[in-house]
Amino acid sequence: MNRIPLFLCLFSLAASAQGPAASSPVQEEPPSRPAEDPCLAGEQDEADSEVLGALRLSINGENRALAEVKLEGLQRLPEPLVRGLARVPAKGSLTPEHAALILQRLVRTGLFTKVTPTVRLAEGSTPVLVVTLEEQPYVASVELTGLQADAQRDVQEELFQVPYPSSEDGDDGDDGDTDDDEGTEAHVRIGTEGVRVHISSRKCPAPNPPRELLAFFDEGRFHPGFVWKGLPGALERALEEIEDEGYLLASLDATLTPEEQLRLRVDEGKVEAVEVRGVEEDVAARVREVMGIKPGDVLLRSDLRRAEGRLKQEMPFLTLWEVETLPRPATRFEEVREEGGGRSYRPVEEETRRKKKRKHWEDEVELSWDALGEQWKRGSGEEEAITTVGRRVVVHARPRGSSFDVELLPMHTQVTGFAPGLSGSLKLWDVRNRAHVTLDAALTIPLRWGGQRIPGDPEHTAFQRRLNWLVGAKVQVPRVRLAEVGVQLYDFTDTNDRWRMGAIDSYIYSALLNRPDAEYFRRKGLTGFATWRFAQQWLVGAEYRRDTYDSLVSFSPPFSLFRRDSAPFPNPLVDEGRMTSVVGRLEYASDAARTERVGSLFRNPELSLLRNDWEWPERMAVRSLLTVEVGSPELGGGAEYRFWKVVSDNVLYVSTGHEDGLRLRVRAAGGADLPLQKQEALGGWSGLRGYAFKEFRGDASLLASAEYRWGFFGAFVDVGSVHRPELGWMDPKLGLGAQFYFGDSVHLSVAWRTDERASFTPEARLLFVRPF
């Protein structure tokens, strides 16, 4: 902001005067000088310069004192009050510098639209400073139309401001919206969110008028009075507040009637057109449909955010292209005085860009690397993919083409040792949303660390150290709601225990403690699959699996960081040979997003294809999985593999507050003539906690769990039973425990068994992934 020294604008007492007064200089007493005042060294604010008229004096070729100050033009304001605020002496001469300070104080009261100083000279007399004052508009009532009630209250509060108590009057405060000239104080606070700095200026406080004189809203009620610092500034604040409320296309105009009623009319702003740049018209039409923003709609900032989210979800084959946008031009309000005493205020856009709202001294400015990096990245403007030009919404998009993702597979098991690897996915997008192709691949390499081997069987040792690999291809056809159809070829180490414990937790505890809590086998073959997404929450699928199974044996010695001397974690044998089966699945997730990713790299009948993270929902949700697998020699497998198995896993989430809620789970699984690798078992984490891993085995199981979480703490109870051939269902087993949360998924879990083998010492695990 440009600033002009006040006394240079006001006084130039250096030129000679014309006329009779020049030959007889006026004799006067030496003028009194005010005490040293910090305000004299200050610079005048540009806005104050517009209020204060310029004054230049020429008195007989020398600096002259002023006899007194007279105030003219006051109508409603009492003169004693004005003199008191500006500290205008009733009598006595004063220097030009003192007069400049008085004028500055008059301006900074915020009570006057115009302060016009002139000097009246009488022959043979001391000049008199006459100040003509034009009072700010007085508002008796306010009528605001065009906004909803909540936004209207916020605009009312922002429209009329009153100053904070001035420290010049003995209070430790600030003058609110006024920029002080010199002097700063910095208050620094260091907390968990970074460094925050308060900066204030209090050296030259403004002479604030009494609150009773000013117009303001108090708890929705209007108090009549003068508009502090004028209506144009008040209307600018109101317009900024309307924009902050999210009305991106809003405009405002106002009228002050002769009856002193302020009428504000807000046009919320309606969209004239939606323009999509970067794609062809048929794709652009679909973009407009997904956005849901139509010509004639009132546009809110939240509408743009939701539209952008829908585009990213429902049209992932497009890339939203962020372009740099400059801030909107600054808007000032021009006053037009009408016949009859009324005034109207119309917005006028200036070439300069709108600045951010000025912060009061108590507002916080955050200094952090993230904030500085974002400011450096965006520079003076911002980057947005959906912008507004006038009253048009412009979407910047382009075809995505392809995308490639790579993930690390830090595999560690008791049958492979450490086997690091990578998985990758290449997706080829069709901009017209006809068919999208995905190519998947994964590879892990078992390393020969720690001298691990299978005693007495070197050939099997070499067999288990073979590469683990998988390749696959699938196609998505949205028009027929086909979420995926494809095939996978593979030869890798697999498990059916991922419903108990997440892969990363199993690998970590295998490497650290020789406790992977998972059993493995070798699976080689192919899977063909098709999955339909008939509705947002529903998924139906079918698979054809043609696999050859081989048993794997735990290496000795176990390669783990701790417990190296313990026995290898047991890995039981499986029924070996070629098995063919078909799997049908039905899934439901009430909180599934419309384009939730469907499919999995490592497919398993025990796990969902619709959701893999199982994050805690924001409100009540139901998630259910039902799979039926039937194995038959007629499908091309061995004669010994004739079986069927059903898995039903259902979870209910009831949110009762922020990070508080109830989690209920019922899982039932079982079948007939099941191979060893398909049989059921309970015990261990997420599968009857508190008991040993797979302590109870059979051909069917029933598990029920209930958990409640209070912020970082939770408690749970598990009840389960297993059906054993020829023995029937065993007595139900009960497990109890508690959990301590360190985020959405990371938690420390402790559990106790309650049968005759119960002990005071619990089982405990720190887990990073929740299987349900």
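These figures come from a predicted structure and were not determined experimentally.

1. Re the packing of helix H7 (residues 281-291) against helix H8 (residues 301-314)
Logical step 1: For the pair H7 and H8, interaxial distance at closest approach is 8 Å and the crossing angle is 125°. Between H7 and H8, the crossing angle belongs to the class labelled oblique. The hand of the H7/H8 crossing is right-handed. Two secondary-structure elements touch here, H7 through Arg 286, Val 287, Val 290 and Met 291 and H8 through Ala 307, Arg 310, Leu 311 and Glu 314.
Logical step 2: Of the residues belonging to the contact of H7 with H8, the class tally is 5 nonpolar, no polar and 3 charged.

2. Here's the deal with the pattern of salt bridges
Logical step 1: Per the counting criterion, the structure on display carries 51 salt bridges.
Logical step 2: Residue Glu 587 pairs with Arg 585 through a salt bridge whose shortest N-O separation is 3.0 Å. Comparing Glu 587 with Arg 585 shows no difference in burial state: the two are buried.
Logical step 3: Between Arg 689 and Glu 707 there is a salt bridge, with the nearest N and O atoms lying 3.0 Å from each other. In this pair, Arg 689 sits in the loop between strand S35 (680-682) and strand S36 (696-698) while Glu 707 sits in strand S37 (residues 700-710), placing the two residues 18 residues apart along the sequence. Like Glu 707, Arg 689 is buried.
Logical step 4: Among the charged side chains, a network of salt bridges with common partners joins Lys 474, Glu 484, Glu 543, Arg 545, Arg 585, Glu 587 and Arg 603.

3. Here's the deal with the sheet that holds strand S4 (residues 112-120)
Logical step 1: Strand order in the open sheet made by the 3 strands is S3-S5-S4, with mixed pairing throughout. Both edges of this open sheet fall to strand S3 (69-72) and S4, since each of them pairs with a single strand only. Put simply, the sheet's adjacent strands are angled 20° from each other on average, direction ignored.
Logical step 2: Relative to strand S5 (residues 128-135), S3 runs parallel, the two sharing 4 bridges. When the bridges of S5 are listed, Leu 71 appears paired with Val 131.

4. Looking at a nonpolar patch on the surface
Logical step 1: A cluster of nonpolar residues, Ile 504, Phe 712, Phe 740, Phe 742, Leu 748, Leu 766, Phe 768 and Val 769, forms a patch on the protein surface that exposes about 670 Å² of accessible area.
Logical step 2: Inspection of the secondary structure assignment puts Leu 748 in strand S41 (residues 747-753).

The rules we used
Residues numbered from 1 in each chain as written. Predicted model: local features only at pLDDT ≥ 70, side-chain atom pairs only at ≥ 80, totals over all residues. Heavy atoms only, no water. Axes fitted to C-alpha atoms, helices over the stretch in contact; angles between N-to-C directions. Helix = DSSP H or I, 4+ residues; strand = E, 2+ residues; numbered from the N terminus. Parallel < 35°, antiparallel > 145°, perpendicular 65-115°, else oblique. Left-handed = near helix turned anticlockwise from the far one by under 90°. Contact = heavy atoms within 4.5 Å. Nonpolar A, V, L, I, M, F, W, Y, C, P; charged D, E, K, R; others polar. Salt bridge = Lys/Arg side-chain N within 4 Å of Asp/Glu carboxyl O. Buried < 20%, exposed > 50% of the residue type's maximum accessible area, 1.4 Å probe, protein only. Pairing = 2+ DSSP bridges. Patch = residues over 30% accessible without salt bridge, like charges linked within 9 Å, V, L, I, M, F, W, Y side chains within 5 Å. Areas by Shrake-Rupley, 256 points an atom, 1.4 Å probe, with all protein chains shown as cover.

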